Amino acid sequence: MKRIANLLLPLLLLLSAAACGQTGTQSPDVSAAGSRPAQSGSAEDPSVPDRYPMTLTDQAGRTVTLQKEPERIVSGYYVSTSMLIALGQKDKLVGIEAKADMRDIYRLSAPELISLPSVGSAKELDLEGCAALEPDLVILPLKLKSAAGALEELGIPVLLVDPEDEARLEETIGLLFRAVQGRERGQALLSFIGNQRNHLLEQLGGAPQPRVYLGGNSSFLSTAGGQMYQTSMIRNAWGENVAQEIEDAYWVEVDYEQILAWDPEYIILASGASYTCEDVLSNPSLANCTAVRSGNVYQMPSKAEAWDSPVPSGILGSVWLAGVLHPDLFSQAECDQIIEEYYETFYGFSYSQA
């Protein structure tokens, strides 16, 4: 009997501890942004200390182990490169994606990156060139999953990221700040995003939500459906994407008849649009559209980077758009202040003087 009691005692202690952990006044786990439950998977538990060896789950669901803190990082993706700048890790970069010289955000915040070796594009990675840089960590977009396997065969750890919507973008930030020891700045970035999203809700909640059509970069008749990041950008600005019922995960082509049926109150052109607001306003096919009749046609700014895409600064797209859709509730001066604060805090330059 004594032996059985000795065996049962540890079990009873474990059950008692588990019961204690389930009682009390515990509050739900929240993310650093303070506005939504913590994301599982990529972001991991923010209460877990960052120690090496470290095992992470990337956004392809792969398990990746980092034996030590990365000192030499290759980023084959604009979004992750920009994110590493925001996390204060630009000095660790030894190679980045192609066409870096076309990125104004690099010119303004980290011009030294422009001269780093190119490792190819999001469509094709230069495996040999990447491996020659002897990186401790490579960060690639999900599209380059096959390249990740080839690099890992060489003993090079690779994180695949897929920040294609609002939640996944914040997961990417959480994943990277853990991997590179950038927790303090990463949590500050998530807090900034969450605070601005909450602030927009407080300022605009209850106001009418204008119908918005977003024209794509290459064609006005290309637009973003409900599965795309741009829909959340419009929603955070307290607008309604007229194309939100479209379920495609990429840009889709529509026609003028459909746009007139939607009858948007505002038309917004993507920041890199190859056409102008005047082109839209003078288009006879849109003469009966409410947005055109009222002159509510605007183009997203593109001075530093495209806010109408899943980038670390994407919340600024909502901030700017809120000023367009609700100028009586969200002033231009307030928009400018928020944008200035973001770039001075995370990228070290003045947006207004860029």
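Counting starts from 1 at the beginning of each chain's written sequence and moves along it residue by residue. For this predicted model, a pLDDT threshold of at least 70 governs which residues receive local features, and a threshold of 80 or more governs which side-chain atom pairs are given and counted, while totals over whole chains, interfaces and linings are taken from all residues. Side-chain figures throughout are based on the complete set of non-hydrogen atoms in the structure, without hydrogens or water.

Caption draft 1: Region of the structure containing the confidence of the model for the protein chain. For every residue, the pLDDT score states the predictor's confidence, bounded by 0 at the bottom and 100 at the top. Residues of the protein chain with pLDDT of at least 70 account for 86%, and the chain-wide mean is 88. The criterion used for residue contact is that any of the two residues' heavy atoms lie within 4.5 Å. Low pLDDT (under 50) marks residues 1-43, which in the prediction has 42 contacts with non-local residues, meaning those over four places away or in another chain.

Caption draft 2: A look at the nonpolar core. In plain words, nonpolar cores are sets of buried Ala, Val, Leu, Ile, Met, Phe, Trp, Tyr and Cys residues tied together by side-chain atoms within 4.5 Å. Classification of residues uses two cut-offs on accessible area relative to the type maximum, computed with a 1.4 Å probe and protein chains only: under 20% is buried, over 50% is exposed, and between them is partly exposed. The biggest cluster of nonpolar side chains holds 72 residues, and the ones touching the most others in it are Leu-316, Leu-321, Tyr-343 and Tyr-347. We count a stretch as a helix when DSSP gives it H or I for four or more residues in a row; a strand needs E for two or more, and each element gets its number in order from the N terminus. Per-element accounting of this core gives the leading share, eight residues, to helix α12 (residues 315-325). For Leu-316, the contacting residues outside a window of four places in its chain are Phe-192, Trp-307, Ile-338, Ile-339, Tyr-342 and Tyr-343. In terms of nonpolar packing, the next biggest core, distinct from the first, is built from 21 residues, Leu-269, Ala-273, Val-280 and Ala-291 among them.

Caption draft 3: The pattern of salt bridges, seen in detail. Salt bridges are counted wherever a side-chain nitrogen of Lys or Arg sits within 4 Å of a carboxyl oxygen of Asp or Glu. Scanning the model with the defined rule gives twelve salt bridges in all. In this structure, Arg-168 engages Asp-162 in a salt bridge whose closest nitrogen and oxygen atoms are separated by 3.4 Å. Residue classification places Arg-168 among the partly exposed positions, given a relative accessible area of 23%. Taking the shortest distance from any N to any O, the salt bridge between Arg-197 and Glu-170 comes out at 2.8 Å. One end of the pair, Arg-197, is in helix α7 (residues 183-204); the other, Glu-170, is in helix α6 (residues 166-179), with 27 residues separating them in the sequence. Judged by relative accessible area, Arg-197 falls into the buried class, the value being 9%. Each of Asp-58, Arg-62 and Glu-152 takes part in salt bridges that share partners, so that together they form one network.

Caption draft 4: Region of the structure containing the packing of α7 against helix α13 (residues 332-346). Throughout, an axis means a line fitted to C-alpha atoms (over the contacting stretch in the case of helices), and angles, computed between N-to-C directions, take values from 0 to 180 degrees. Remark: α7 packs on α13, axes separated minimally by 11 Å, with the N-to-C direction vectors making an angle of 175°. The orientation of α7 relative to α13 falls into the category roughly antiparallel. Of the residues in α13, those in contact with Arg-185, Ala-188, Leu-189, Phe-192, Gln-196, His-199 and Gln-203 of α7 are Glu-334, Ile-338, Glu-341, Tyr-342, Thr-345 and Phe-346. Tallied by class, residues from the contact of α7 with α13 come to six nonpolar, four polar and three charged. Should an angle fall under 35 degrees it is taken as roughly parallel, and over 145 as roughly antiparallel, whereas 65 to 115 is taken as roughly perpendicular and any remaining angle as oblique. Any residue outside Ala, Val, Leu, Ile, Met, Phe, Trp, Tyr, Cys, Pro, Asp, Glu, Lys and Arg is labelled polar, Gly included; the first ten of those are nonpolar and the last four are charged.

Caption draft 5: Local environment of α13. Between the first and last residue of a helix there are one fewer steps than residues, each counted as 1.5 Å, and that sum is the expected span. Helix length check: α13, at 15 residues, gives a terminal C-alpha distance of 21 Å against a target of 21 Å (1.5 Å per residue), a fit within 8%. For α13, the full list of buried residues reads Cys-335, Ile-338, Ile-339, Glu-340, Tyr-342, Tyr-343 and Phe-346. Elements in contact with the buried residues of α13: α2 (78-86), α3 (104-109), α7 and α12. Residue Gly-348 follows α13 closely and has a positive phi angle near 75°.

Caption draft 6: Layout of the sheet that holds strand β9 (residues 240-241). Taken in spatial order, the four strands make up an open sheet running β9-β7-β11-β12, and their pairing is parallel. The strands lining the two open edges of the sheet, one partner per strand, are β9 and β12 (297-299). Two strands pair under a simple rule: DSSP has to find at least two bridges between them. Looking at chain direction, strand β11 (residues 266-269) and β12 are connected through three bridges and run parallel. Paired with Ile-268 across the strands is Tyr-298, a residue of β12. Each of β7 (211-215), β11 and β12 touches α12; the most contacted strand, β11, lies at about 145° to it.

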